[in-house]
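Notes for the structure review
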Amino acid sequence: QVQLVESGGGVVQAGGSLRLSCAVSGSTSRVNAMAWFRQAPGKQRELVAGITSDGTTRVSDAVKGRFTFSRDNAKNTVWLQMDSLKPEDTAVYYCNAANKGYAFGEGPFRYWGQGTQVTVSS
């Protein structure tokens, strides 16, 4: 089993910054690809940024140039540095991890944290 716990969310003014952290515990050797997703009320959960099984970092067009994804070498912690926040970034942010051989996202052999709320005011 793999456990993911997010932290770092909060309320900020537009243009501000937050740094989200995801602590990974349990059978960490199982995981490879990891990512951050977010979900706003009434909207689909969407990919924000992640690292694929081959080590490629991907970011969504919505956050490109503003958010930075990183992970430590042991895969124990992942971060999402969020700069120049906009009101449309308001959402619950979820950490996601996938077993080796699987891409991050929905479905079996993937793991989710409980989420952390990010609210950006105008």
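Let us look at the structure shown here. (Residues numbered from 1 in each chain as written. Predicted model: local features only at pLDDT ≥ 70, side-chain atom pairs only at ≥ 80, totals over all residues. Heavy atoms only, no water.)

Below, the discussion takes up the state of the cysteines. All told, the structure shown has one disulfide when counted by the stated rule. Across the disulfide, C22 is cross-linked to C95 (sulfur-sulfur distance 2.1 Å). Taking the sign of the S-S torsion, about -90° here, the bridge from C22 to C95 comes out left-handed. Here C22, found in strand β3 (residues 18–26), pairs with C95, found in strand β9 (residues 91–99); they are 73 residues apart in sequence, far enough to count as distant. Of the two residues examined, C22 and C95, each falls in the buried class. (Disulfide = S-S within 2.5 Å. Helix = DSSP H or I, 4+ residues; strand = E, 2+ residues; numbered from the N terminus. Buried < 20%, exposed > 50% of the residue type's maximum accessible area, 1.4 Å probe, protein only.)

Turning next to the sheet that holds β3. Ordered in space as β1-β3-β8-β7, the four strands form an open sheet in which the pairing is antiparallel. In this open sheet, the two edge strands, each paired with only one partner strand, are β1 (2–7) and β7 (67–71). If you compare each strand with its neighbour and ignore which way they point, the axes differ by 15° on average. Direction of pairing for β1 relative to β3: antiparallel, over a ladder of six bridges. Paired with E6 across the strands is C22, a residue of β3. (Pairing = 2+ DSSP bridges. Axes fitted to C-alpha atoms, helices over the stretch in contact; angles between N-to-C directions.)

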